[in-house]
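Structure at a glance
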Amino acid sequence: MAAVVLYGKEDLRVEQLPVPVAGPGELVVKVGAALTCGTDLKVYRRGYHAMMLTPPIPFGHELAGVVTEVGSGVTEFAVGDRVVPLNSAPCDACYFCAKGQPNLCTDLLFNNGAYAEYLKIPARIVAKNTLRVPEGVPFEHAALTEPLACVVRGLEESGAQAGDSMVVIGAGPIGLMFMHAAELAGVDVIAVVKREDQVATAKLFGARQVVRVDEVDDIVAATRALTPDARGADIVIEAVATPATWEWAVGMVRKGGLVNFFGGPPSGTVVALDTNRLHYGDITLKASFHHTPSTSRTAFALITSGRFKAAEFLTGTATLDEVPAVFAKMMTRSTDAMRDIKTAIFPDGAIAR
């Protein structure tokens, strides 16, 4: 079968690999659609991911498809089932799983290789984090479950409630998902974006007001001015992963509010924060990493309900052979790349349903 393999920094190759065979408890899925992802781009840029993969390794982790082989002992799925297998599953036995933090599982099992014709799904993911896709839901829509599950967890961990005000810094795929999911939950969203083309996109996905970084002298003051009495937002989501945007986030939140550092900068990054503001402002700082089986199901339900604008997130299509070029282009996005959010990869070379 054809598969895209990551060999290192900005080194993707399309190769012929053996078609996987299902072992006990496992599935083999024919990939109907896989999606590009900001995490995959980060891994492509850096050449590795400390937790999820070590090159050379088949690449990609957002997908949906059809079961073509069922391993012994599997009773929940059958050949022909349409499924979305998530990219990880916890052990449910370690300290963190027992504390209700399965995303921090000490034995969190990851699975990569979505940019391929077929993918084997490990038994633990089959048992804990694979969902059946209803007829009528396109594979490329179902494949959005994984990133949306991360966003859902971020919102839950931030305590977002209807009527809250929220600033979302960043209008990449994850930032836009935060805007849309928050708006669907009744949260008033202010977006902080970099480019002109991102203004309309942020509004499409639920931002009531948008601030462009290049149009104001003081981005923190300009954003706070859009909140009642300029006191700052109840919640600020940082979805860019730079020291500057982490610092902006702390400046944009109100006293007693919460900042979620969702974007993860490289290891060793140092950020300067005003301790006086943090302490006397009684500000909560937290971060959110990954998803859980619970938030995966919440995200999946939102997508399959039709409320989530799945189609609007998919702004391009490509074949497996084109994946290296797609990622090279993502590295050098031009400022006129209108609404370039996610590309759906179709291994068969055509839109699969």
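Anything mentioned here points back to the structure above.
Notes on the structure follow.

**Observations regarding the environment of glycine 47**
Secondary-structure assignment places glycine 47 in the loop between α1 (38–46) and β4 (57–58). Considered as a pair, glycine 47 and leucine 12 are 35 residues apart in the sequence and their alpha carbons are 9.7 Å apart. Setting aside residues up to four positions removed in sequence, glycine 47 forms contacts with Leu6, Gly8, Lys9 and Pro55.

**A word on the nonpolar core**
Core analysis: the biggest nonpolar cluster contains 49 residues, and Leu144, Leu148, Met166, Met179, Phe308 and Phe313 have the highest contact counts within it. In this view, phenylalanine 308 contacts Leu144, Leu148, Met177, His180, Leu184, Leu302, Ile303 and Phe313; residues no more than four positions away in its chain are not counted.

**Observations regarding the pairing of strand β3 (residues 27–35)**
Of all 9 residues in β3, 8 are buried; the element is thus mostly enclosed. Judged from the 7 bridges that link them, β3 and strand β5 (residues 63–70) form a sheet pairing that is antiparallel. Within β5, the position partnered with alanine 33 by the bridge is alanine 64. Pairing of β3 with strand β9 (residues 118–121) involves 4 bridges; the strand directions are antiparallel. Looking across to β9, one finds that leucine 27 is bridged to isoleucine 121. The sheet contact formed by β3 and strand β18 (residues 342–345) spans 2 bridges and is antiparallel. Among the inter-strand pairings, leucine 35 is bridged to a residue of β18, identified as alanine 344.

**Things to note about the sheet that holds strand β12 (residues 188–193)**
Here 6 strands make up an open sheet; going across it, the order is β13-β12-β11-β14-β15-β16 and the pairing parallel. Looking at which strands have only one partner, the edges of the open sheet turn out to be β13 (207–212) and β16 (284–287). Each strand axis lies, on average, 20 degrees off the axis of its neighbour in the sheet, ignoring direction. Of the strands in this sheet, β11 (165–169), β12, β14 (233–238), β15 (253–261) and β16 are in contact with helix α9 (residues 243–252), which crosses β15 at around 150 degrees.

**A look at the side chain of serine 288**
Secondary-structure assignment places serine 288 in the loop between β16 and α11 (293–305). Within the local environment of serine 288, its side chain forms a polar contact with the side chain of asparagine 260, the two groups lying 2.8 Å apart. Beyond its immediate chain neighbours, meaning those up to four positions away, serine 288 contacts Arg153, Gly154, Glu157, Asn260, Phe261 and Phe262.

**Points about the packing of helix α5 (residues 145–158) against α11**
Axis separation between α5 and α11 bottoms out at 8 Å; the angle between their running directions is 115 degrees. Between α5 and α11, the angle falls in the class roughly perpendicular. For the pair α5 and α11, the crossing hand works out as right-handed. Note on element contacts: α11 touches α5 through Thr295, Ser296, Thr298, Ala299, Phe300, Leu302 and Ile303, opposite Thr145, Leu148, Ala149, Val152, Arg153 and Glu156. Within the contact of α5 with α11, the residues separate by chemical class into 7 nonpolar, 4 polar and 2 charged.

**Considerations on the packing of α1 against helix α13 (residues 323–331)**
When two helices pack together, their arrangement is captured by the angle between the axes and the distance separating the axes. At a minimum axis distance of 10 Å, the contact between α1 and α13 shows a crossing angle of 85 degrees. For the element pair α1 / α13, the angle class is roughly perpendicular. Each of Asp40, Leu41, Tyr44 and Arg45 in α1 lies in contact with α13, whose residues at this interface are Pro324, Phe327, Ala328, Met330 and Met331.

**With respect to the sheet that holds strand β1 (residues 2–8)**
Spatial ordering of the open sheet is given by β2-β1-β4, a layout of 3 strands whose pairing is antiparallel. Of all the strands in the sheet, just β2 (11–16) and β4 have a single pairing partner and so form its edges.

**So, the pattern of salt bridges**
Pairing between side chains of opposite charge can happen when the charged atoms of each approach one another. On inspection of all chains with the given rule, the structure shows 15 salt bridges. For the salt bridge of arginine 208 with aspartate 188, the shortest nitrogen-to-oxygen distance reads 2.4 Å. Here the residue arginine 208 occupies a position in strand β13, and aspartate 188 occupies one in strand β12, the gap between them amounting to 20 residues. Each of the salt bridges in this network shares a partner with another, and the network as a whole consists of Arg153, Glu157 and Lys286.

Thresholds, definitions, all that
Residues numbered from 1 in each chain as written. Predicted model: local features only at pLDDT ≥ 70, side-chain atom pairs only at ≥ 80, totals over all residues. Heavy atoms only, no water. Helix = DSSP H or I, 4+ residues; strand = E, 2+ residues; numbered from the N terminus. Contact = heavy atoms within 4.5 Å. Core = buried A, V, L, I, M, F, W, Y, C linked by side-chain atoms within 4.5 Å. Buried < 20%, exposed > 50% of the residue type's maximum accessible area, 1.4 Å probe, protein only. Pairing = 2+ DSSP bridges. Axes fitted to C-alpha atoms, helices over the stretch in contact; angles between N-to-C directions. Polar contact = N/O pair within 3.5 Å; in protein donor to acceptor, adjacent residues only side chain to side chain. Parallel < 35°, antiparallel > 145°, perpendicular 65-115°, else oblique. Left-handed = near helix turned anticlockwise from the far one by under 90°. Nonpolar A, V, L, I, M, F, W, Y, C, P; charged D, E, K, R; others polar. Salt bridge = Lys/Arg side-chain N within 4 Å of Asp/Glu carboxyl O.

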